Amino acid sequence: MISTFWTNTIWYILLAAVSLVQLIFIMVRAKRRNLTFAFFLTMMGIAFSLETVILIFLKSYEYYPMIFAASSDPFNDSIAGNIFSQFSVSVSVLLAIVLNLKYYWYFILAAIYGVVEELFLSLGIYRHNWYRTWMTVAMFPIAIWMTKRMYSKLIQGIKPISYYGYVILSLFPLYSITILWGLQLMGYLAFNTTILHDPINSRYLIALIIYFISPSVIMMIVYFGKFKFYWKVLAIAMLYGLYYSSYRFNLVWVKQGCFVAVSTATIVWMYLSIFLADRLYGGL
């Protein structure tokens, strides 16, 4: 454990530490801090949405921070490394936006991340499958340009449909990598690995559909919808029904005796995540 910490984990911690310093600097410089932080959560949501496809389903690369190497699911270690990576990328993109950096800085930052990626490859703490470093360098300036446009429109005021999209995207960091992934790591929740040929794809597809897309849509309706109270209660009851059906049909495994607690925890956490994102954004 000590040897892998100093050869693998420490590099990810250093990356996170540098990124955290950047984030604090951004929050100090930002004029509308709550809005800026909310947008940062949305940016991470965009990053994790893309990574769900690229990392999980397309097997583009693998991370080796050696944090969960002994886990029953070794892929958790790659997920952990990806969280460090996307946190760092999102912070640097936000830095360029908040400081309103000139366009040439987009390419300087892209080059820096290219060097960092090559360093991680040379250290053996990260591995490419079909992905290549030039793709990161090429996409980084585009990512800054696109998110800067999103941020500018957000400052000016956006339509409800866009606002709801921003909130839903923020649920990836607020909900998916906290309560949902946390329950899996603690052994309270697991997903069927045989629906698809690839067990990892099977696990995360079920998790995405049943425990993210479905509850996020339902709880967004409950939170923002102008419906009678009993309709909202019915919607939540339907969500419990979805969880129970998934449990009974062996799509989802829940630790014995913990179904109600686990289901309630995820539903409440989802609602609170939406509430927090909405408050940070300042509401419609």
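Data block above holds the structure.
Before going into details, it helps to say that this report is about the structure given with it. (Residues numbered from 1 in each chain as written. Predicted model: local features only at pLDDT ≥ 70, side-chain atom pairs only at ≥ 80, totals over all residues. Heavy atoms only, no water.)

1. So, unusual backbone geometry
Part 1 of the reasoning: At Lys59, a residue that is not glycine, the phi angle is positive and equals roughly 50 degrees.
Part 2 of the reasoning: Structurally, Lys59 can be placed in the loop between helix H2 (33-57) and strand E1 (61-63). (Helix = DSSP H or I, 4+ residues; strand = E, 2+ residues; numbered from the N terminus.)

2. Let's talk about the side chain of Ser92
Part 1 of the reasoning: Along the chain, Ser92 turns up in helix H3 (residues 75-98).
Part 2 of the reasoning: For Ser92, the side chain forms a polar contact with the side chain of Tyr113, separated by 2.6 Å.
Part 3 of the reasoning: For Ser92, the residues in contact, after removing those within four places along its chain, are Gln22, Leu109, Tyr113 and Phe140. (Polar contact = N/O pair within 3.5 Å; in protein donor to acceptor, adjacent residues only side chain to side chain. Contact = heavy atoms within 4.5 Å.)

3. Overview of helix H4 (residues 103-123)
Part 1 of the reasoning: Under the 1.5 Å per step criterion, the end-to-end length of H4 is 31 Å for 21 residues, consistent within 8% with the ideal 30 Å.
Part 2 of the reasoning: Gly124 lies just past H4 and shows a positive phi near 75 degrees. (Expected span 1.5 Å × (residues − 1).)

4. Quick look at the packing of aromatic side chains
Part 1 of the reasoning: Enumeration over the complete set of coordinates arrives at 34 aromatic pairs.
Part 2 of the reasoning: Between the aromatic rings of Tyr247 and Phe259, the centroid separation amounts to 5.4 Å while the plane-to-plane angle is 35 degrees, which identifies the pairing as tilted. Highlighted residues: Tyr247 in helix H8 (residues 229-248) and Phe259 in helix H9 (residues 259-281), separated in sequence by 12 residues.
Part 3 of the reasoning: Residue Phe259 is classed as buried on the basis of its relative accessible area of 16%.
Part 4 of the reasoning: The ring of Tyr103 carries Lys148 above its face, with NZ or CZ at 6.0 Å from the centroid.
Part 5 of the reasoning: Above the face of the Tyr188 ring, Lys255 is positioned so that its terminal group lies 4.8 Å from the ring centre. (Phe/Tyr/Trp six-rings, centres within 6.5 Å; stacked < 30°, edge-to-face > 60°. Buried < 20%, exposed > 50% of the residue type's maximum accessible area, 1.4 Å probe, protein only. Lys NZ or Arg CZ within 6 Å of the ring centre and 35° of its normal.)

5. So, the side chain of Thr266
Part 1 of the reasoning: Turning to its location among the elements, Thr266 is positioned in helix H9.
Part 2 of the reasoning: Look past the residues within four positions of Thr266 in its chain and what remains in contact with it is Tyr175, Ile179, Leu183, Tyr211 and Tyr243.

6. Some thoughts on the packing of H3 against helix H6 (residues 160-185)
Part 1 of the reasoning: Relative orientation of the contacting elements H3 and H6 amounts to 155 degrees, with a least axis distance of 12 Å. Classified by the interaxial angle, the pair formed by H3 and H6 is roughly antiparallel. The handedness of the crossing between H3 and H6 is left-handed. In contact with Asn76, Ile79, Ala80 and Ile83 of H3, H6 contributes Ile177, Trp181 and Leu185. (Axes fitted to C-alpha atoms, helices over the stretch in contact; angles between N-to-C directions. Parallel < 35°, antiparallel > 145°, perpendicular 65-115°, else oblique. Left-handed = near helix turned anticlockwise from the far one by under 90°.)

7. Describing the environment of Ile221
Part 1 of the reasoning: Mapping Ile221 onto the fold places it in helix H7 (residues 199-224).
Part 2 of the reasoning: C-alpha separation for the pair Ile221 and Met66, spaced 155 residues apart in sequence, amounts to 40 Å.

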